[in-house]
Amino acid sequence: MFFLALAAAASAPHYDLHARFDPQGRLDAEVTITLPEDVRDKSFILSRRFMLEGLDLPPGVILAAAEPSDTPVDGLYRYRFQALPGYQGPMRLGFRYSGPINYPDDNGVTAFRPQGYELFIDHMWFPVGADIQTRFTLDAEFEGLAPDLVPVGQGEVTRTPTGVRIRRDFIDIDVPLVAMRGLQRAQAEGVEFFAPDLTTPRATYYVRHSEQAARFFGQWFGPLHHTVRMALVRRERTMAYARTAYTVFPERPGETPPTEVAAARHAAHEVAHAWWMLASPLTDDFWLVESAAEYCAVRYIEATMGAEEAERFLAEKRRVSAEAGPVMGHGRPNRVQLYQKGPLLLVDLERRIGRPAMDRLMVEMSREADHTTAVFLRLLTNIAGADAAAEFERALHA
Ligand SMILES: [Zn+2]
């Protein structure tokens, strides 16, 4: 996996990003994207709330099309670039644009709020590969961050008097950043945790179980290559997300604290994404991200809090997913199919082929560069035979 990751980085796109925020949350950005030499045609999407002020293209690379687009979300502009015949070298695309970082329809994750910034791909604030799967290495400079904001990012993060520099030599689809006021920091093995108050029950459970889950999955899938940075942020919307070596958990103001087992499942699910995050979010293969991470979380609960607690989660999943419909065959599965039914299919598969075979299957899959259902079924065939693979494929479509 290590060599594979290095090889991928050498031929991966690279983003050089300069972002300047003013105190009202207006963004001025300059992004230069260098594509691998074999790429001759590539489309990017960017939110329409930004005004494109300039494109910097080498002679021989053209903007072939620019048009409004509402896929995969509303309010985008889509830019298609092509290299003309005879053009040598990598395509290098420079974007200059500006506009408000906030917008009304942000689904409850407002990028710039009184506590600071929470930026991620859903804000469509940097040119994103139109396939939403383009992964890249990154050099980023953020300017205009008040001195009391504590930045949490991926890779090498250096606070400057007025901003932050991020150097990421591993690939990811996103440029995620949390920069919030008064974050406290706790360090554990494999995990670095940031929260406004590390003594709340939620923060305490997350720190404990993120560390334990990192160790548990490390023994199963092999060691983590990077410390996982985790940030607990205050907001109403209870959506967590994970990127490579980076996770954000929400904490609702005035909330009832979660039970320890609920927080443990949540922490383990997000840590598991360190190995389960590669399948396309636009296709029905996406169960290999969410259902796989959730299956791993249930295994973590079983190992650390007992089979009875794990069985309680499974019983609830059976109840919720009774009428869920097929996981596959209709594009990206819905939430119930991803988080409730998909993990149950993996539990059923484990009961059919046995835990040792299941563990081996998950290890081999986690090391694949392509997370598709076809690859999973091929590995399953090798490990447990064609009948087991055919039956699992039927279950995915049932
Ligand atoms: Zn997830």
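Residues numbered from 1 in each chain as written. Predicted model: local features only at pLDDT ≥ 70, side-chain atom pairs only at ≥ 80, totals over all residues. Heavy atoms only, no water.

Q: Help me understand the sheet that holds strand S5 (residues 61-69) in this model?
A: Each strand in a sheet pairs with another by means of backbone hydrogen bonds, the pair being arranged parallel or else antiparallel. A sheet is described by the order of its strands in space; here four strands give the open sequence S5-S6-S3-S10, paired in antiparallel fashion. The sheet is open, and its two borders are formed by S5 and strand S10 (128-129), each paired with just one other strand. Pairing of strand S3 (residues 41-47) with S10, which is carried by two bridges, proceeds in the antiparallel orientation. Looking across to S10, one finds that Ile45 is bridged to Val128. (Pairing = 2+ DSSP bridges. Helix = DSSP H or I, 4+ residues; strand = E, 2+ residues; numbered from the N terminus.)

Q: Explain the coordination of the zinc ion to me, please; I cannot follow it from the model alone.
A: The reference angle at a metal is 109.5 degrees if four donors form a tetrahedron and 90 or 180 degrees if six donors form an octahedron. Protein coordination at the zinc ion: the donors are His269 (NE2), His273 (NE2) and Glu290 (OE), at 2.0 to 2.1 Å from the metal. All donors to the zinc ion come from one chain, and their sequence spacing reads H-x3-H-x16-E. You can see His273 sitting in the loop between helix H3 (260-272) and helix H4 (287-305) and its partner Glu290 sitting in helix H4, a full 17 residues away along the chain. (Donors = N, O, S within 2.8 Å, 3.2 Å for Na, K, Ca; no water.)

Q: What is the right way to read the packing of aromatic side chains from this model?
A: Geometrically, a pair of aromatic rings is defined through the distance of the ring centres and the angle of the planes. By the definition in use, this model includes 31 aromatic pairs. Here Phe216 and Trp220 contribute two aromatic rings whose centre-to-centre distance is 6.2 Å and whose plane-to-plane angle is 75 degrees, an arrangement assigned as edge-to-face. One end of the pair, Phe216, and the other, Trp220, are both in helix H2 (residues 201-221), four residues apart, so they sit about a helical turn from each other. We classify Trp220 as buried; its relative accessible area is 12%. The interplanar angle of 50 degrees and the centroid separation of 6.4 Å between the aromatic rings of Phe217 and Tyr300 together place this pair among those described as tilted. With Phe217 in helix H2 and Tyr300 in helix H4, this pair connects stretches of sequence that are 83 residues apart. (Phe/Tyr/Trp six-rings, centres within 6.5 Å; stacked < 30°, edge-to-face > 60°. Buried < 20%, exposed > 50% of the residue type's maximum accessible area, 1.4 Å probe, protein only.)

Keep in mind that these numbers describe shape and distance, not what the molecule does.
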